[in-house]
Structures are given as structure tokens and as C-alpha cells.
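Take a look at the letters that make up each chain.
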Amino acid sequence: MKKIKVLKKQILQRKGDLYSKSYKVESGLLRSYTIDEKGKEHIFMFGPEGWIVTDYVSPNEPCELYIDALEDSVIVAIEKTSSQDIDLKKFIKRIRVLQNRVIMLMSATASDRYEHFISTYPNIIQRVPQHMIASYLGITPEALSSLKSQRLRSKQ
């Protein structure tokens with residue numbers, strides 16, 4: 001395990017890299033994402049403080065995701081081949097979050113996905129640009145703006 005400081009916009013991993021690591025976020029904010037053949041980013045997950053961000057491939061397989069810092073961050077880089085004990089509760093929570101995300105992308109409305117985003121990531125809503133939240137939700141920034149407006153009107 002190695003503690004490192006990373007700067008905003010610093011790329012920790014690129015698609016196709018071998019020997020990827022897992023990153024535990026001590027402070028700051030990471031994200032993992034992919035870029036499609038048209039150059040559009042699709043955000044897989046955000047990693048605020050206390051979360052682990054990783055590409056779920058074996059250490060010797062090419063990565064499928066990019067990982068970068070959205071804020072200056074302090075992270076712990078963990079070799080996937082290390083025998084470090086993992087926090088099983090955190091790992092199960094992460095898998096549950098990802099499972100729920102896949103199910104929601106398949107079946108939930110954009111409004112439901114936004115509400116789920118807010119409950120999953122309550123502390124980053126003001127820290128992430130709106131176009132990235134829209135990407136995470138699988139909608140356009142304009143659709144997100146409309147959702148936010150509807151949400152505000154319904155709370156009044």
C-alpha cells in the first residue's frame with residue numbers, strides 16, 4: 001500500500017493499462033469512466049472519501065476503465081496482487097451499490113435514478129459538475145436541469 005497525493009484532473013489509470021490498482025480515497029474525489037467510440041464519456045462511479053475505486057479486472061488483464069481525480073486527493077494505492085485484508089463490509093456495500101445502479105439503469109426512470117444518486121452520494125452533489133452527474137445517470141445535461149427544476153417545484 002502506498003499513500004499518494006494526486007492533483008485534480010490527474011489520470012491514475014487508462015483503458016488498456018495492465019497491472020491496475022485499487023484506490024482507497026482518504027480525501028478528495030475520484031471517478032471511474034469509459035469513453036465510447038464516439039468520444040463520449042460514460043461515468044461508472046464516483047469515489048468520495050472512504051470509498052474504494054477500482055477496475056474489476058484481474059491484475060494481469062487490460063483495464064476497461066479510466067480513473068482520474070476530480071479534486072486534489074490523497075489516496076492509498078493498493079496492488080491487486082497484494083495480500084492486504086479487505087474490509088468485507090465495504091466491499092459488499094460497493095458491489096451492492098453497483099448492482100443497484102445496473103438494475104436502475106435498466107428499469108428506473110431518470111427521476112428515480114437522480115433520487116438514488118442523491119441518496120448514494122449525498123456529500124458530492126455540489127462537488128461534481130452537472131454534465132458528469134448527467135453522464136452517470138445516462139441522461140443529457142438538459143434533462144438533468146429539467147429534473148432538478150421539477151424536483152424544486154415539487155418541494156415547494
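All chains use their own residue numbering, which begins from 1 and follows the written sequence. Side-chain atom pairs in this predicted model are given and counted only at pLDDT of 80 or more, local residue features only at pLDDT of at least 70, and totals for whole chains, interfaces and linings cover all residues. Excluding hydrogens and water, the side-chain values take into account all heavy atoms of the structure.

> Mind showing me how you'd approach the packing of aromatic side chains here?
Each aromatic ring pair is characterised by the separation of its centres together with the angle its planes make. Within 6.5 Å between ring centres, the rings of Phe, Tyr and Trp (the latter by its six-membered ring) count as paired, and their orientation is classed by plane angle as stacked under 30 degrees, edge-to-face over 60, tilted in between. Under the defined criterion, the tally for this structure stands at eight aromatic pairs. Taken together, F46, W51, F117, Y121 and Y136 form an aromatic cluster joined through their ring pairs. The rule for a charge over a ring is simple: NZ of Lys or CZ of Arg within 6 Å of the ring centre, and within 35 degrees of the ring normal. Above the ring of Y33, the side-chain terminus of R31 is found at 3.9 Å from the ring centroid.

> What exactly am I supposed to notice about the domain arrangement of the protein here?
As a measure of interface size, the accessible area lost when the parts come together is often cited. Domain assignment breaks the protein into domain 1 (1-81) and domain 2 (87-156). Taking both sides of the interface into account, the surface hidden between domain 1 and domain 2 amounts to around 1500 Å²; carbon and sulfur atoms contribute 61%. Looking only at domain 1, the three residues that lose the most surface to domain 2 are I43, F46 and W51, adding up to 40% of its buried area. Definition used for salt bridges: Asp or Glu carboxyl oxygen within 4 Å of a side-chain nitrogen of Lys or Arg. Between domain 1 and domain 2 we count two salt bridges in total. Residue R127 pairs with E49 through a salt bridge whose shortest N-O separation is 3.2 Å. Elements are defined by DSSP. Helices are runs of H or I of four residues or more, strands are runs of E of two residues or more, and each kind is numbered from the N terminus. Considering each element in turn, the side of domain 1 that touches domain 2 owes the most residues, six residues, to strand β5 (residues 41-47). An automatic or database domain assignment supplies the residue ranges for each domain. Put simply, buried area is how much 1.4 Å-probe accessible surface two parts lose in total, over both of them, once they are put together.

> Any chance you could explain the pairing of strand β8 (residues 73-79) here in plain terms?
Regular strands show a simple pattern: their side chains alternate between the two faces of the sheet. Of all seven residues that make up β8, six are buried, and the element is covered over most of its length. Note on pairing: DSSP must find at least two bridges between two strands before they are called paired. When strand β1 (residues 2-6) meets β8, the two strands line up antiparallel, connected through five bridges. Residue pairing for β8: V6 is matched across the bridge by S73. Where strand β3 (residues 21-27) and β8 come together, six bridges link them in antiparallel fashion. Looking across to β8, one finds that S22 is bridged to I78. Burial classes: relative accessible area under 20% of the type maximum marks a residue as buried, over 50% as exposed, and values in between as partly exposed (1.4 Å probe, protein chains only).

> Got a minute to help me understand the environment of K24 in this structure?
Note that K24 resides in strand β3. You can call K24 partly exposed: its relative accessible area is 32%. Between the alpha carbons of K24 and R127 there is a distance of 18 Å; along the sequence they are 103 residues apart. Discounting chain neighbours no more than four positions away, the residues touching K24 are W51, I52, V74, I75, V76, I78 and K90. Residue contacts follow a heavy-atom distance rule, with two residues in contact if any of their heavy atoms lie within 4.5 Å.

> Honestly, the packing of helix α2 (residues 110-120) against helix α4 (residues 141-155) in this entry has me stumped. Any pointers?
In a packed pair of helices, the relevant descriptors are the angle between the two axes and the axis-to-axis distance. For helices, the fitted axis covers only the stretch in contact; all axes are lines through C-alpha atoms, and the angles between them, taken along N-to-C directions, range from 0 to 180 degrees. Interhelical geometry of α2 versus α4 gives an angle of 80° and a closest axis separation of 10 Å. Considering the angle they form, α2 stands roughly perpendicular to α4. Contact with α2, carried on its side by A110, S111, Y114, E115 and I118, involves L144, L147, K148 and R151 of α4 and no other residues of that element. Gly falls in the polar group here, along with every residue not listed as nonpolar (Ala, Val, Leu, Ile, Met, Phe, Trp, Tyr, Cys, Pro) or charged (Asp, Glu, Lys, Arg). Within the contact of α2 with α4, the residues separate by chemical class into five nonpolar, one polar and three charged. Any angle from 65 to 115 degrees is called roughly perpendicular, while one under 35 is roughly parallel, one over 145 is roughly antiparallel, and all others are oblique.

> Honestly, the pairing of β3 in this entry has me stumped. Any pointers?
Looking at chain direction, β3 and strand β6 (residues 52-53) are connected through two bridges and run antiparallel. When the sheet's bridge partners are listed, K24 is paired in β6 with I52.

> Please explain unusual backbone geometry as it appears in this structure.
Outside of glycine, negative phi angles account for most residues, and trans bonds account for most peptide bonds. Here the phi dihedral of K9 falls at roughly 75°; this positive angle occurs in a residue that is not glycine. Within the secondary structure, K9 is located in the loop between β1 and β2 (11-13). Exposure remark for K9: the relative accessible area of 67% places this residue in the exposed category.

> Honestly, the sheet that holds β8 in this entry has me stumped. Any pointers?
Strand pairs in the sheet, formed through backbone hydrogen bonds, run parallel or antiparallel to each other. Pairing in this open sheet of four strands is antiparallel, and the strands run β1-β8-β3-β6 from one edge to the other. In the strand order of this sheet, the two ends are held by β1 and β6, each with one partner.

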